[in-house]
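Each chain, written out:
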Amino acid sequence: MNYDWDWGAVRDALPLLWDGFQITLLATLFGTLVGAVLGLALAMAGRAPTRMVSVPVRAVTEFIRSTPLLVQLVGAYAVFNTVKPLTLGIVVLGIHYASYLSEVYRAGIDAVPKGQWEACRALSLSPRRTWQAVILPQAVRKVLPALGNYAISMFKETPFLAVITVPEMVSQAREYGADHFTYAETFTLAGLIFLAASYPTSLLMRKLEQRLGH
């Protein structure tokens, strides 16, 4: 059975998919921002000397990492159904990835040489000054490639937002394909857009990792 590829459908679907791509990109950018900031906060809270802080933080982090993103989206949408779907999706994406990024930050902090901590104590630097001026700049520099890779992963998981009615790119492709019976064209186009956006970013992260490794 031969399939006649419909280039007209590709042309007609492109504006709709472009609108969806902008929403996908918006969710990725703000989700990454939420995840990066919250992940750092979780990493530092997990290192708190008080077990009343560190133990619950680690437990919550483990719980989030142990449950699928899809389940988290559906559960959040059921509870917070008055929140705009895109806003809710960004928050859930950010929290989900913050649980992973907290471990990335933790590894970066642990990689800072102990001599740096000892030098800060010898100089009588306050804990706040120690973190801001010495520890975090070194730790963040070490984990930048990993942060970028998680951002790419988040970008590729934005189609899950369709379950809470966010009109991201894949849901737009599915809607157009259903209306015009052109699933092959629209999903192929969506896949190529994902590839065109994520592959150069992956190469950039690889070069950054090599550069920071020297």
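Counting starts from 1 at the beginning of each chain's written sequence and moves along it residue by residue. Since the coordinates come from a predicted model, pLDDT governs what is reported: local features require at least 70, and pairs of side-chain atoms require 80 or more to be given and counted, while whole-chain, interface and lining totals use all residues. Only hydrogens and water are removed before side-chain values are computed, so all heavy atoms of the structure are retained for them.

Remarks on the overall build of the protein chain
Then comes step 1: Secondary structure is summarised from DSSP: a helix means a run of H or I of at least four residues, a strand means a run of E of at least two, and numbering begins at the N terminus for each. Along the backbone of the protein chain there are 8 helices and 0 strands.
Then comes step 2: Listing every helix and strand of the protein chain by position from the N terminus yields α-α-α-α-α-α-α-α.
Then comes step 3: In terms of overall dimensions, the protein chain has a C-alpha envelope of 75 × 45 × 25 Å along the principal axes.
Then comes step 4: The cut-offs for exposure are 20% and 50% of the maximum accessible area for each residue type, with area from a 1.4 Å probe on protein chains only; residues under the lower value are buried, those over the upper are exposed, and the others partly exposed. Put simply, the protein chain has 214 residues, and 39% of those count as buried.
Then comes step 5: Contact definition: two residues touch when any of their heavy atoms are within 4.5 Å. Sequence separation of at least 24 residues holds for 78% of the intrachain contacts in the protein chain that already meet a minimum separation of 6.
Then comes step 6: Calculation of accessible area relied on Shrake-Rupley with a 1.4 Å probe; when residues are assessed, cover is drawn exclusively from the protein chains displayed. Carbon and sulfur atoms provide 65% of the accessible area of the protein chain, an area that totals close to 12600 Å².

Thoughts on the packing of helix 1 (residues 7-46) against helix 7 (residues 169-180)
Then comes step 1: Fitted lines through C-alpha atoms serve as axes, helices being fitted only where they are in contact, and the angles separating the N-to-C directions of these axes extend from 0 to 180 degrees. At their nearest, the axes of helix 1 and helix 7 sit 7 Å apart, and the two run at 150° to each other. Compared by their axis directions, helix 1 and helix 7 come out roughly antiparallel. Between helix 1 and helix 7 lies a crossing whose hand is right-handed. Judged by residue contacts, Ala9, Asp12, Ala13, Leu16, Leu17, Gly20, Phe21 and Thr24 of helix 1 engage Met169, Gln172, Ala173 and Tyr176 from helix 7.
Then comes step 2: Charged residues are taken to be Asp, Glu, Lys and Arg, nonpolar residues to be Ala, Val, Leu, Ile, Met, Phe, Trp, Tyr, Cys and Pro, and polar residues to be all remaining types, Gly included. Of the residues that constitute the contact of helix 1 with helix 7, the class distribution is 8 nonpolar, 3 polar and 1 charged. Each angle receives one of four descriptions, namely roughly parallel if under 35 degrees, roughly antiparallel if over 145, roughly perpendicular if within 65 to 115, and oblique otherwise. Put simply, a crossing is left-handed when the front helix is turned counterclockwise from the back one by less than a right angle, and right-handed when it is turned clockwise.

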